[in-house]
Amino acid sequence: MINRDKKGGKNTRLTYRIIFLECQKIFRNPFVLLVFLTFLLINIVVVQNAYGSQDDQKSVQRTHRVLQAKEQGKKNSDVEVYNEYKQAYGKLYDNLDMLKIMKMKEKMSRYEPTGKYQKFIENNYKKLQKRTDEIKASGADQADFYPGIVYFVHGTLFGKLGKKLLLEIVVLVFLSVLYLMDYERVQKTEDQVFVTRCGKDTLHLKMIGGILSGLIYSALLLLASYGWFLAKLPLKGLWKVPVSASMMAEPRFGMLNPFVTFWNVNLRSYLLLTLVMFLAIALLAGVLAGAGWYCLKNSYLVFLVLSVLLMGSVQAALVHTTTFLDIVLAICNPGILWITCGSWFIENDLTLSFAGSEFCCLFGCGILILLPYFIGKKRFRKWELK
Amino acid sequence: MSILIQECKKMLSVRLLLLLALFTVLFYNMFFELNLYPAGGQCTDSPYDMPYAAKLIRKYGSTLPVTEKGKIEKEVEDLKKQSTKLIREDSALIKAGISDFDTMMKERDRLADYTDEQMSEKEQKEKEAIMDFTSFETEGEKIMFQIQYANSLLDDFALTDRPEVNLLRSGALYILQTDMSKMPVMILICYAVLLVAYHVRERIRGVMPLYSTTKTGREIYPIQYLGGFICCLIIGVLQLLAYTIVWYAKGMGIFWQCPAWETRGIECWIKGISFGQYMGIYEILVLLFCIAAMALIYGLARLAQGYITGVVLSIPGCVITGAAGSVIFEGLCSSFNMFSMKMWELYALAGCAVLAVLVVYFRLRWDEKRDIL
């Protein structure tokens, strides 16, 4: 019996044991491993397409040697060529006008905010302009890195690969949670397990077990995918390069502008922040799967409905009202997190051009997901088997 | 027969069909070039050249003999006159000293390579005025892209050794080929959703041992496969019919009368067909591939012990078959392909069909012979 009033001791051990046994069900099932391997293969193909060819590898290795030579203060012909290139393309902050960029984006996307909303966006871009001045003053814009126009390191690592990883993590967590929550129904033991309140409470532990197993598989997937990326494109000695460096800039929206970060972040801290976001999204995905099961009590339907809902949320991100409602809609839309993956913590979207917008999104989506979860859980406690 | 109809009814669950309909709409919006029409991937990569191509086809027919090049030249002249008229109404351009289309394009090309620091204030304003006139969905932008399209047609007239020029350039072909390479993915996901739900439900209800204990019971397995085959055929036909209807509804039916291939583009190993016939052949071959790939999905669905296991097995199944379909249907009938082999798609399809027959044959044979104890 799980005694809710007692904390620690025997009951905590029992709780952990239930979670452990539930996780074991996932790890004993070879089919989830099959999905994991499929996803890993897809990620490897993405990296191979980006940097896998012999010519690409020669170029990458050569550029890495140049960057290391520069760090050590050495000079050679390749370093001279790199310096010339940097002279031509590494001064993106000199005439960077964030308000001009804002107006260009509004024109190109035909997004014409008015009134206080327009002022809000303008204030955000004025703050970003101050941020560019800070970046210039600190010299962060002059750091050396693989030229973004040639190698698209940030776009591949956090955009292309990042988006795929995010989707794969969500799918792995969905599958793990739904497999465990529907286990008793599929095995026809729900008559025994869900007939008491205690038995119904184990569903919550199953969800936790599913999230945990999903996270373990996701961690392995991240490790393997990023490991393969680093094997193909070495970043040794480059982890402290600020993300706002001019050399890291890539063409976006038809313009070559640097990544204007809201805070001072280097590549290492950007990667850590991205991993934190992945973790938070994975947790939300698990709770969402749990909420879905409490509502529909059929793992297959839940998976299909959630897949269609998430596709719909990506489409819903295209809906605009050019008022403050756009911010509310963006914050409560999980699809926005996927669309902006690769541009988190960077000036990107007009609507979300303020620091901490990603965390606001997580918070908004979290409220939207936790509410039906708690309501569903409460109703399930009163649900009678027929 | 009644068992077959019953199995088909079980498979075509209303809830799942509604979900699939919603999924199809979202897939169209997210992935199909047809939905982006009239923009993307055409001659000028703008929303204007495809409707302009349709206008020319309505006016002159699907092809023009090389000797009638003058008609397109007149079109270019008329468009330039329209653009010049608009330029003379634009005060910013007049101030910058631009009074006609050719001068504007010359200045545009000259100033394109300069940064703001390299230009004087007058040149910066001139560049801005030209940008405002030729961007952001203005009438000036539309005419500029139409002229570009017409000029590319004139290049076809000048460089081709054929007696006539196809007034439809690469745009519709690009849309069709891109979408047909993604169509197997969408159709196979629909098949997986239906087949996994059906077979797993049968397993969970515990009827498999009942089927396996008698000869009559074991005869239900091929009927189940046939039921799945018929349902998947219906879904595949509906999906391709929907694509054709959307194509026509978007006003692209006009292109069906044109020759299938570009005047100066890649050669096709089927000669002398119209674009409409090419599209028909494309859809039939995609359907045949999907029906063959359905055998693999059927095999995986029969293996699944539960719903999530079924989903888990379908993911690599759909990825592999979808990727194979994307490769096979990337550019149907193109004589330039990665295997440098004519009709390689037909050989690939034949291979898929043989594989499908083998999978189904061995699975059904195993059902017939296996001991359930």
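Look a little higher up for the structure.
Engineer: Help me understand the overall build of chain A, please; the structure alone is not making it clear to me.
Structural biologist: Regarding its fold elements, chain A presents 16 helices and two strands. Projecting the C-alpha coordinates of chain A onto the three principal axes gives extents of approximately 75 × 55 × 35 Å. Residues classed as buried in chain A amount to 51% of the 386 residues present. When contacts within chain A are restricted to residue pairs at least 6 apart in sequence, long-range pairs at least 24 apart make up 82% of them. For chain A, the accessible surface area stands at approximately 18700 Å², while carbon and sulfur atoms represent 62% of it. Charged side chains in chain A number 48 positive and 29 negative. The centres of these two groups are separated by 7 Å.

Engineer: What exactly am I supposed to notice about the overall build of chain B here?
Structural biologist: A tally of regular secondary structure across chain B gives 16 helices and two strands. For 373 residues, the compact-globule estimate of 2.2 N^0.38 gives 21 Å, and the C-alpha radius of gyration of chain B, at 28 Å, exceeds that figure by more than 25%. Projected onto its principal axes, the C-alpha positions of chain B cover 90 × 45 × 35 Å. Burial analysis of chain B (373 residues in total) assigns 51% to the buried set. Carbon and sulfur atoms make up 62% of the accessible area of chain B, which amounts to about 17600 Å² in all. Looking at chain B, you have 38 positive and 41 negative side-chain charges, and the mean spots of the two groups are 10 Å apart.

Engineer: Could you clarify how one ought to interpret unusual backbone geometry in this entry?
Structural biologist: Negative phi values dominate among residues other than glycine, just as trans dominates among peptide bonds. Residues and elements named next belong to chain A. Positive phi is not limited to glycine here, since Arg110 has a value of about 50 degrees. By the element assignment, Arg110 lies in the loop between α5 (98-108) and α6 (115-138). One non-glycine residue with positive phi stands out, namely Phe345, at about 65 degrees. Topologically, Phe345 is positioned in the loop between α15 (334-339) and α16 (357-382).

Engineer: In this structure, what is going on with the interface of chain A and chain B? I would like to understand it.
Structural biologist: A common way to state how big an interface is: give the accessible area lost once the parts meet. On the chain B side, the residues contacting the 34 residues of chain A number 33 residues. Taking both partners together, chain A and chain B bury about 2800 Å²; carbon and sulfur atoms supply 78% of that area. The largest per-residue losses of area from chain A upon contact with chain B belong to Phe31(A), Tyr300(A) and Met311(A), which jointly make up 24% of the total buried on that side. For Lys107(A), the salt bridge goes to Asp132(B), with nearest N and O atoms at 3.0 Å. Summed over the shared surface of chain A and chain B, the result is three residue pairs in polar contact (both at pLDDT 80 or more). Looking at the side of chain A that touches chain B, the element that brings in the most residues is helix α13 (residues 299-316) of chain A, giving 11 residues. In terms of residue class, the side of chain A that touches chain B is built from 21 nonpolar, seven polar and six charged.

Engineer: Which parts of the structure should I look at to understand a nonpolar patch on the surface?
Structural biologist: Residues Val354(B), Val357(B), Leu358(B), Tyr361(B) and Phe362(B) make up a contiguous nonpolar surface patch of about 510 Å² in total accessible area. With respect to the helices, strands and loops of the structure, Val357(B) is situated in helix α16 (residues 344-369).

Engineer: Is there a simple way to think about the nonpolar core in this case?
Structural biologist: Nonpolar side chains in soluble globular proteins tend to be buried together. Residues and elements named next belong to chain B. Within the largest apolar cluster, 232 residues are counted, with the highest numbers of intra-cluster contacts made by Tyr243 and Phe255. The element best represented in this core is helix α10 (residues 170-204), accounting for 20 residues. Dropping the residues within four chain positions of it, Tyr243 is found in contact with Tyr28, Phe32, Leu34, Ile175, Leu176, Asp179, Met180, Met183, Met279 and Glu283.

Engineer: Would you explain the pattern of salt bridges in this entry?
Structural biologist: A complete count under the given rule lists 25 salt bridges over all chains for this structure. For Glu219(B), the salt bridge goes to Lys215(B), with nearest N and O atoms at 3.5 Å. Note on Glu219(B): relative accessible area 41%, which makes it partly exposed. In this structure, a network of salt bridges that share partners links the residues Glu22(A), Lys25(A), Glu184(A) and Lys206(A).

Engineer: So what exactly am I meant to see when it comes to the packing of aromatic side chains here?
Structural biologist: Two aromatic rings are characterised by how far apart their centres lie and by the angle between their planes. For the structure shown, the criterion picks out 43 aromatic pairs over all chains. Taking the centre distance of 5.3 Å and the plane angle of 65 degrees together, the rings of Tyr117(A) and Phe324(A) count as edge-to-face. Taken as a pair, Tyr117(A) in helix α6 and Phe324(A) in the loop between α13 and α14 (325-331) lie far apart in primary sequence, 207 residues in all. Overall, Phe324(A) belongs to the partly exposed group, its relative accessible area being 39%. When the centroid spacing of 5.7 Å and the interplanar angle of 75 degrees are considered together, the rings of Phe289(B) and Phe329(B) count as edge-to-face.

Engineer: I would appreciate a short explanation of helix α2 (residues 14-31) of chain B in the present structure.
Structural biologist: Look at α2(B): 25 Å from first C-alpha to last across 18 residues, which is about the 26 Å you get at 1.5 Å a residue. All of the buried residues in α2(B) are Leu16(B), Leu19(B), Leu20(B), Phe23(B), Thr24(B), Leu26(B), Phe27(B) and Tyr28(B). Against the buried residues of α2(B) lie α13 of chain A together with α3 (33-36), α10 and α13 (220-249) of chain B.

Engineer: Would you mind showing me how to read the state of the cysteines here?
Structural biologist: Covalently bonding the sulfur atom of one cysteine to the sulfur atom of another cysteine gives a disulfide. Evaluation of the coordinates by the stated rule reveals zero disulfides over all chains. Here Cys365(A) stays unpaired: no disulfide links it, and the sulfur of Cys361(A), its closest cysteine neighbor, is 5.7 Å away. Between Cys352(B), a cysteine without a disulfide, and Cys290(B), which holds the nearest cysteine sulfur, the sulfur-to-sulfur distance is 10 Å. The exposure class assigned to Cys352(B) is partly exposed, which follows from its relative accessible area of 21%.

Engineer: Quick question: what am I supposed to make of the environment of Ile204(B) here?
Structural biologist: Of note, Ile204(B) is situated in helix α10. Given the relative accessible area of 18%, Ile204(B) is considered buried. Sequence separation between Ile204(B) and Gly306(B) is 102 residues, and the spatial gap between their C-alpha atoms is 7.3 Å. Not counting chain neighbours up to four residues away, the residues in contact with Ile204(B) comprise Val186(A), Lys188(A) and Tyr307(B).

Engineer: I keep staring at the side chain of His199(B) and nothing clicks. Help me out?
Structural biologist: All names here are of chain B. Relative to the elements of secondary structure, His199 occurs in helix α10. A residue is classified by how much of its surface remains accessible, and His199, at 2% relative accessible area, is buried. If near-sequence neighbours (up to four positions away) are discounted, His199 is found in contact with Gln224, Tyr298, Ala301 and Arg302.

Engineer: Any chance you could explain the packing of helix α14 (residues 275-303) of chain B against helix α15 (residues 307-328) of chain B here in plain terms?
Structural biologist: Two quantities define a packed helix pair, namely the angle between the axes and the distance from one axis to the other. Residue and element names in this part refer to chain B. Running from N to C, α14 and α15 point in directions that differ by 165 degrees, and their axes come no closer than 10 Å. Taken together, the axes of α14 and α15 lie roughly antiparallel to each other. The handedness of the crossing between α14 and α15 is right-handed. Each of Phe289, Ala293, Leu296, Ile297, Leu300 and Leu303 in α14 lies in contact with α15, whose residues at this interface are Leu313, Gly317, Cys318, Thr321, Ala324, Gly325 and Ile328. Of the residues contributing to the contact of α14 with α15, the split by class is 10 nonpolar, three polar and no charged.

The rules behind these values
Residue numbers restart at each chain and count upward from 1, following the sequence in its written direction. Starting at A for chains and at 1 for ligands, labels are handed out in the order in which the entities are written. Predicted model: local features are reported for residues with pLDDT of at least 70 only, side-chain atom pairs are reported and counted for 80 or more only, and whole-chain, interface and lining totals are derived from all residues. With hydrogens and water excluded, all non-hydrogen atoms of the structure serve as input to the side-chain values. Helix and strand assignments come from DSSP, with helices taken as H or I runs of at least 4 residues and strands as E runs of at least 2, each series counted from the N terminus. Whether a residue is buried, partly exposed or exposed follows from its accessible area with a 1.4 Å probe, protein chains only, as a fraction of its type maximum: under 20%, in between, or over 50%, in that order. The contact criterion used throughout is that any non-hydrogen atoms of two residues lie within 4.5 Å. The Shrake-Rupley method, run with a 1.4 Å probe sphere, supplies the accessible areas, and residue values consider only the shown protein chains as cover. Lys and Arg are tallied as positive, Asp and Glu as negative. Neither His nor the chain termini are counted. Lysine's charge is taken at NZ, arginine's at CZ, aspartate's at CG and glutamate's at CD. To get the radius of gyration, use the C-alpha atoms; to get the globule rule, take the number of residues to the power 0.38 and multiply by 2.2 Å. Here the quantity called buried area is the accessible surface, traced with a 1.4 Å probe, that two parts lose on coming together, added over both. One side-chain nitrogen of Lys or Arg within 4 Å of one carboxyl oxygen of Asp or Glu is enough to make a salt bridge. Whenever a nitrogen or oxygen atom comes within 3.5 Å of another N or O atom, the pair is scored as a polar contact, on the condition that within protein one atom can donate a hydrogen and the other can accept it, and that pairs from neighbouring residues in sequence are kept only if both atoms are in side chains. In the scheme used here, Gly and all other residues not listed as nonpolar or charged are polar, with Ala, Val, Leu, Ile, Met, Phe, Trp, Tyr, Cys and Pro taken as nonpolar and Asp, Glu, Lys and Arg as charged. Think of a patch as exposed residues, more than 30% relative accessible area, with no salt bridge, where like charges cluster within 9 Å and nonpolar side chains (Val, Leu, Ile, Met, Phe, Trp, Tyr) cluster within 5 Å. Nine residue types can take part in a nonpolar core, namely buried Ala, Val, Leu, Ile, Met, Phe, Trp, Tyr and Cys, and a core is a set of them joined through side-chain atoms within 4.5 Å. In this scheme Phe, Tyr and Trp rings, the latter by its six-membered ring, pair at centre separations within 6.5 Å, and the angle between planes marks the pair as stacked below 30 degrees, edge-to-face above 60, and tilted otherwise. Every helix has an expected span of 1.5 Å times one less than the residues it contains. Only a pair of cysteine sulfur atoms within 2.5 Å qualifies as a disulfide here. Working convention: axes come from line fits to C-alpha atoms, limited for helices to the stretch in contact. Angles between N-to-C directions cover 0 to 180 degrees. The scheme is simple: roughly parallel for angles under 35 degrees, roughly antiparallel for over 145, roughly perpendicular for 65 to 115, oblique for anything else. Each crossing gets its hand from how the near helix is turned against the far one by less than a right angle, where anticlockwise is left-handed and clockwise is right-handed.

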